[in-house]
Protein chains: 2
Amino acid sequence: MVGARIKVKRGSALFATGDRFKSLYVVRTGFLKTETTLEDGRRWVRGFQMAGEMLGLDAIANEAHTCDAIAMEDSDVCVMPYDLLESTSRRVVALQRHLHRAMSREILREGSLMQQTGMPAQERLAAFLLNLSERLHARGFSRSELVLRMSREEIGSAVGLKLETVSRMFSKFAADGIVTIQQRHVNILDMAALREIANAKLRSCTH
Amino acid sequence: MVGARIKVKRGSALFATGDRFKSLYVVRTGFLKTETTLEDGRRWVRGFQMAGEMLGLDAIANEAHTCDAIAMEDSDVCVMPYDLLESTSRRVVALQRHLHRAMSREILREGSLMQQTGMPAQERLAAFLLNLSERLHARGFSRSELVLRMSREEIGSAVGLKLETVSRMFSKFAADGIVTIQQRHVNILDMAALREIANAKLRSCTH
DNA sequence: CGACGTTTTGATTCCAATCAATGGGTGTGG
DNA sequence: CCACACCCATTGATTGGAATCAAAACGTCG
């Protein structure tokens with residue numbers, strides 16, 4: 001049930017904002033980001049996608065892509081023509097289920113990001129690191145040692161902070177002995193502490 | 001293709017967080033809000049739903065609702081059993097399309113809310129008012145005269161601000177002659193100005 | 001009328017953005 | 001191989017906008 005596979009070179013786009021919607025995509029190998037250009041020309045990172053994750057779901061509504069999907073490293077992507085998905089999912093219940101869940105999960109993903117609005121910077125970054133850690137772990141990598149494929153600016157853009165703030169918070173985590181950071185190599189030393197920071201609301205209430 | 005219709009009394013819940021997912025819902029008449037309880041016990045409004053809008057899409061992924069849907073006024077809601085939707089949409093292409101689009105639109109909705117993260121308070125509120133205005137207009141109501149069915153606190157919660165800030169910004173809009181406000185009755189006097197505020201990024205670049 | 005919930009307004013605080021400068025890494029060409 | 005340039009990251013100083021704290025005005029309903 002898999003369509004063609006295509007390679008996307010680092011820095012080039014799998015699809016761009018405004019492209020007519022024809023297919024959904026699943027990352028096979030590599031690492032992508034999705035981003036949009038705001039009215040003022042600044043770019044806003046909507047998410048990062050790694051192996052097994054789907055792209056393009058937002059394009060169904062208007063039959064046009066609403067963001068650019070850009071490879072952050074040479075990537076291998078599976079193309080699934082949407083009309084084929086439509087017709088096949090009419091016959092194969094499992095596929096229908098899978099598709100609906102993928103969409104629903106995307107709604108949840110955006111929602112949980114939304115939730116961070118209004119949270120302090122350190123909580124957002126803790127959550128960002130934990131999320132990355134989990135996703136990498138689910139793919140067989142170390143839970144504690146991660147290599148960030150994106151710049152501080154891109155992280156900030158994704159979680160709603162400025163790059164300086166990202167840098168400061170990373171430094172703070174390092175000073176507190178929660179992580180070690182060398183450039184883009186992050187080592188999580190104290191997972192529990194990170195989790196506590198990410199859910200700090202709890203304590204502020206227990207007070 | 002419509003299931004049963006049920007009435008939800010003002011203040012009571014159509015569904016609650018954790019409820020097993022069985023159906024999607026479409027508002028017939030009335031006005032609902034969806035909200036979740038954060039770990040610290042505070043409540044966070046995820047959105048407001050009016051006639052024609054769908055609820056429950058976020059529950060598909062985990063077969064459980066992730067928010068409470070509460071009627072803000074006596075409402076009339078159409079219940080669509082999900083397994084029936086599934087099987088019917090396998091036969092009726094139009095329904096399948098409709099469902100997919102509804103999900104995709106929900107993804108877009110969350111995304112456009114996300115976009116407001118980092119915007120100044122007045123831009124968010126301008127956007128909020130415009131959004132409400134559009135949706136009411138699409139349902140045959142006046143574009144400029146609206147009655148807010150929710151409190152300042154709920155508005156703030158939905159757009160990521162504190163109630164005092166919401167109140168201040170409303171006062172500011174009124175002082176600038178953009179709107180008149182008496183309690184929850186809002187009259188938009190200068191739609192163009194409101195739109196400019198909502199897209200202020202443009203000007204800050206043109207500078 | 002009186003009590004409660006909501007809204008407005010004011011004073012102050014605090015966090016992240018901004019402005020600004022320095023340091024570190026990487027890659028290229030002399 | 002080193003020097004230079006460029007990009008990215010860190011750190012410091014200052015500013016600004018929303019949150020917070022606090023109090024008063026308004027509305028609604030029993």
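Note that residues are indexed from 1 along each chain, following the sequence as it is written. The naming scheme follows written order: chains are lettered A onward, ligands numbered 1 onward. Where totals are concerned, whole chains, interfaces and linings use all residues; where local detail is concerned, this predicted model gives features only for residues with pLDDT of at least 70, and gives and counts side-chain atom pairs only at 80 or more. Water and hydrogen atoms play no part in the side-chain values, which are based on all heavy atoms of the structure.

A word on the pattern of salt bridges
Residue and element names in this part refer to chain A. The condition that has to hold: Here a salt bridge means any side-chain nitrogen of Lys or Arg lying within 4 Å of a carboxyl oxygen belonging to Asp or Glu. Secondary structure counts use DSSP, requiring at least four H or I residues in a row for a helix and at least two E residues in a row for a strand, with both numbered from the N terminus. Per-residue accessibility, obtained with a 1.4 Å probe over protein chains only, is compared with the maximum for each type, and a residue is labelled buried under 20%, exposed over 50%, and partly exposed between these values.
Counted under the stated rule, the structure contains 32 salt bridges over all chains. The salt bridge involving E154 is made with K33; its shortest N-O contact spans 2.7 Å. Of this pair, E154 sits in helix α4 (residues 152–159) while K33 sits in strand β3 (residues 23–37); the two residues are 121 residues apart in sequence, bridging distant segments of the chain. By relative accessible area, which is 10% here, K33 ends up buried. Between R135 and E53 there is a salt bridge, and its shortest N-O distance comes to 2.9 Å. Here E53 lies in the loop between β4 (43–50) and β5 (54–55) and R135 lies in helix α3 (residues 121–138), a separation of 82 residues in the sequence. The pair R135 / E53 is uniform in exposure class, with both members buried. Taken together, the shared-partner salt bridges connect K33, E35, R43, D68 and E154 into one network.

A short note on the protein's contact with DNA strand D
Keep this limit in mind: Here a residue counts as near a molecule or strand whenever at least one of its heavy atoms sits within 4 Å of it. Any residue that is not Ala, Val, Leu, Ile, Met, Phe, Trp, Tyr, Cys, Pro, Asp, Glu, Lys or Arg is counted as polar, Gly included; the first ten are nonpolar and the last four charged.
If you check the shell around DNA strand D, you find 15 residues, and the closest are R152(A), S167(A), S171(A), A121(B) and T165(B). Atoms of DNA strand D within 4 Å of the protein: sugar and phosphate make up 65%, bases the balance. Only α5 (163–175) of chain A together with α5 (163–175) of chain B provide two or more residues apiece to the surface near DNA strand D. When residues of the surface near DNA strand D are assigned to their parent elements, the largest contribution, four residues, is made by α5(A). The class makeup of the residues in the surface near DNA strand D is three nonpolar, five polar and seven charged.

Here's the deal with the pairing of strand β8 (residues 179–182) of chain B
To keep it simple, the criterion reads: In this description, strands pair whenever DSSP reports at least two bridges between them.
Pairing of β8(B) with strand β9 (residues 185–188) of chain B, which is carried by four bridges, proceeds in the antiparallel orientation. Its bridge partner being in β9(B), T180(B) is matched across the sheet by N187(B).

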